[in-house]
Structure formats: C-alpha cells, structure tokens
Amino acid sequence: MTKQNALKIFGDKKVRTVWDDGQEKWYFSVVDVVAVLTDSPNPRKYWSVLKNRLKKEGSQLTTNCSQLKMPSSDGKVYLTDVADSEQLFRLIQSIPSPKAEPFKLWLAEASTKDISVATDPQTFGESAVAARKGGDVARVARQQLEASTGQKVVTPLNAKSIRQIAATKKKRKELGDE
C-alpha cells in the first residue's frame, strides 16, 4: 500500500492530504478543513468540541474517521484525524460556515484531477475510471448542496439567461414592483 502526501490550497489555507493507493482514496486532514471553514484561532480545539458533540448525537462520522501520519508545520510527522471525501462532505454539513459550499465545490472539482495525477492513467479506459471516480465525488457534492438549499443545482438556463433574470428582478426591486 503506497501513500503519497500532498498539500492542497483552498483560498490562502493549506489542506494536508494523503493518497492511499490500496484504498484508491484521498484522505484530508480534518483539522485543516476545520481551519478553512471556521477561521478559528484553534482549529484543533474546535474539532475536539465538535467531535464530542457529534458522538453525543450518535453520529458515526467520528467513529469512521481514522488517523494517518502527516507532516505538521514543525516538520515532524504526527498521527492526524483524517476523512475521505464522503466523510468530509458529512463533516462540512456539521460546521456552520459561509465557506462550506465553495469548499464542497473545490473538493469536487479538485478530485478528478487529483485522482488522475495519483493513478497516472495510460489508456482511455484508465482515464474513464478516474473521471468516473471524480464524477462520484461531484455527484455527492451536488446532492448535498441540493439537500441543504432545497433547490436544484442543475438548470436548463444558460449564464446569459440567468443574468437577464437577475437584472430584471433588480430593476423591479428598484422600481418597487417587487
């Protein structure tokens, strides 16, 4: 089983990740994700409190999170709580943050590229497998976003139509028609 450490950037924050060849999954540092979503001065403490709350609520999320060795800012390697993409989407739902939806999209758009880089597909068939895995991550993100907002993400409208509708609504609002 080969593991490959990598650093991903979301905005100006770093998220430590590990690719596990055996599982064919990326694992993300939970503390790093908490830091991105909360801007907490102490993301480890935030995660500790959240973990206890989730356990009391009977959530299986904290039970399913495992630990992997990851390098820390001091250059040493420590066991760190990690979550795969699916677990991470559940965790994100537990953290009230305006960054949650952009982070989910970042995670979904980055997954296919990362899967391709990690697996180094040589044939069309191998590329299709990587794309399918990335698509699965994006599907989960879309479904969770739709469940959270109660609205469909996919629309038959194009960008021009959406801008026209928004401009019309804005104009009506300015005129007091809405």
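This text follows the structure it describes.
I will try to describe carefully the structure that is included in this document. (Residues numbered from 1 in each chain as written. Predicted model: local features only at pLDDT ≥ 70, side-chain atom pairs only at ≥ 80, totals over all residues. Heavy atoms only, no water.)

1. Considerations on the pattern of salt bridges
Then, in step 1: Applying the stated criterion across every chain, the model contains five salt bridges.
Then, in step 2: For Asp39, the salt bridge identified is with Lys99, shortest N-O distance 2.7 Å. Of the two residues, Asp39 sits in the loop between α1 (30-38) and α2 (43-56) while Lys99 sits in the loop between α4 (85-93) and α5 (100-119), which places them 60 residues apart along the sequence.
Then, in step 3: Since its relative accessible area comes to 26%, Lys99 is described here as partly exposed.
Then, in step 4: Salt-bridge contacts for Arg53 lead to Glu57; the nearest nitrogen and oxygen are separated by 3.3 Å. (Salt bridge = Lys/Arg side-chain N within 4 Å of Asp/Glu carboxyl O. Helix = DSSP H or I, 4+ residues; strand = E, 2+ residues; numbered from the N terminus. Buried < 20%, exposed > 50% of the residue type's maximum accessible area, 1.4 Å probe, protein only.)

2. A short note on the pairing of strand β4 (residues 66-71)
Then, in step 1: Looking at chain direction, β4 and strand β5 (residues 77-84) are connected through six bridges and run antiparallel. In the strand pairing of β5, Leu68 is matched with Thr80.
Then, in step 2: Hairpin remark: β4 followed by β5, antiparallel, with five residues in the connecting loop; positive phi at Gly75, about 90 degrees. (Pairing = 2+ DSSP bridges.)

3. Thoughts on the side chain of Arg16
Then, in step 1: Its place among the elements puts Arg16 in strand β2 (residues 13-20).
Then, in step 2: Reaching out from Arg16, the side chain makes a polar contact with the backbone oxygen of Pro71 at a distance of 3.0 Å. (Polar contact = N/O pair within 3.5 Å; in protein donor to acceptor, adjacent residues only side chain to side chain.)

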